[in-house]
Amino acid sequence: MQDVGIIMNGVTGRMGTNQHLIRSILALREEGGVELPGGERVVPDPILVGRNERKLQALCEEHDVERYAVDPELETVLDGNDEIYFDSQVTPRRPEALLNAIDAGKHVYCEKPLATDLDEAKEVARAAEESDVKHGIVQDKLWLPGLMKLQRLIDHGFFGDLLSVRVEFGYWVFTGHVQPAQRPSWNYRAEDGGGIIDDMFSHWSYVLENLFGDVETVSCLGKIHVPERIDENGEAYEATAEDAAYAIMELEDDVVAQLNSSWTVRVNRDDLLEIQVDGTEGSAVAGLRECKTQHHSNTPKPEWNPDTPNEHDFYDDWEDVPNNQVFENAFKEQWAKYIRHVVAGEPFPWDFREGAKGVQLTEASYRSWDEGRRIEVPELEL
């Protein structure tokens, strides 16, 4: 058994605390570490880094973490023997911190997006590829049970020829006027790296590419539906970043993807994320955990007649995809793969080049919105 030191920067934020620290690193530690191919185990040993000593100390005390450092500029923490640097800060702070960690010889793993613009993302990806460090970016949705079931259907040829993909994501985020908002205020300030396109389109980039094919063009419209919100201090502020985005993307092999992403929608579907895939031989609808299918042979034959009530229950025509396996937390699953990549050299294709692709799609989507036209998404060159 051995330890691997992990510098966790920005872990006092919502995602850093819950998904990365508690449900991934500490969960792996509780299980006795990550098992390597030869049967040995490696135990993550985190040091929590940030700007707020009170929050860092409280996290350490609550979760039995021995080390923390108030070192937001990484002036001293990178000099230690910890092997991995992890970044879940707000996006504008991420590129410089990653470049410093790479320069210090640390293996680097980070939340998405890799940067706020493509030039910065490519700079970080080039630096990682030109060094000897092992680099990876969070692409957690690939390990959601619902999407893993979709992947299983694709691998078995269930859909025949893929035709289209429809993504519905979002929920109502309270403005803070009557009830407190369940997302941080910086999400709605463009100057702080906010906006649902920045937040979600890096996800859509890898989901579409890994399951259905590369994105070749994008047409996107963003909207600030709610212009004023209340921040964490009870103060009103102007929302300068979009809270909803509506996009059509053309994928390879003539597959069309329609994506609605919104923090201003009230949910009338089975889950906060729902992906419908239609093919010549069958269709599927996947949420975060569940997935249901309708094969060509079981497809009903409805007729359009608005003058008579519809008595057919279309939900009854779908069948659930069985679990057939134990599904781990998606963030934890990718953390384990990344640690095995660092320690044992196992393959890990979700690297900074893939992260830069997400920023490329985000930037193309903003450009499409700004110019009011379809934008091509070429093969990424660093």
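Nothing here was measured: the structure is a model prediction, and the numbers come from that model.

### Some remarks on the sheet that holds strand E12 (residues 244–251)
- Ordered in space as E17-E16-E15-E14-E8-E13-E12-E9-E18, the nine strands form an open sheet in which the pairing is mixed. Sheet topology places strand E17 (319–320) and strand E18 (375–376) at the edges, where each strand pairs with a single neighbour.
- Bridge analysis of strand E16 (residues 291–295) against E17 gives two bridges, and the strand direction is antiparallel. Pairing of threonine 293 across the sheet is with glutamate 319, part of E17.
- Here helix H5 (residues 145–155) sits on the sheet in contact with strand E14 (273–279), strand E15 (282–286) and E16, set at roughly 30 degrees to E16.

### Section: the side chain of serine 24
- Looking at the element boundaries, serine 24 is found in helix H1 (residues 14–30).
- Leave out the neighbours within four places in its chain, and serine 24 touches Gln19, Asn329, Phe331, Lys332 and Trp335.

### Quick notes on the pattern of salt bridges
- One pass over the structure, following the stated rule, counts 22 salt bridges.
- Between arginine 51 and glutamate 73 there is a salt bridge, with the nearest N and O atoms lying 3.9 Å from each other. With arginine 51 in the loop between strand E3 (41–50) and helix H2 (53–63) and glutamate 73 in the loop between strand E4 (67–70) and strand E5 (84–87), this pair connects stretches of sequence that are 22 residues apart.
- The class of arginine 51 is partly exposed, set by a relative accessible area of 47%.
- As a salt-bridge pair, aspartate 87 and arginine 94 come within 3.2 Å of each other at their nearest N and O atoms.
- Connected via shared salt-bridge partners are Glu31, Glu328 and Lys332.

Cut-offs and rules
- Residues numbered from 1 in each chain as written.
- Predicted model: local features only at pLDDT ≥ 70, side-chain atom pairs only at ≥ 80, totals over all residues.
- Heavy atoms only, no water.
- Pairing = 2+ DSSP bridges.
- Helix = DSSP H or I, 4+ residues; strand = E, 2+ residues; numbered from the N terminus.
- Contact = heavy atoms within 4.5 Å.
- Axes fitted to C-alpha atoms, helices over the stretch in contact; angles between N-to-C directions.
- Salt bridge = Lys/Arg side-chain N within 4 Å of Asp/Glu carboxyl O.
- Buried < 20%, exposed > 50% of the residue type's maximum accessible area, 1.4 Å probe, protein only.

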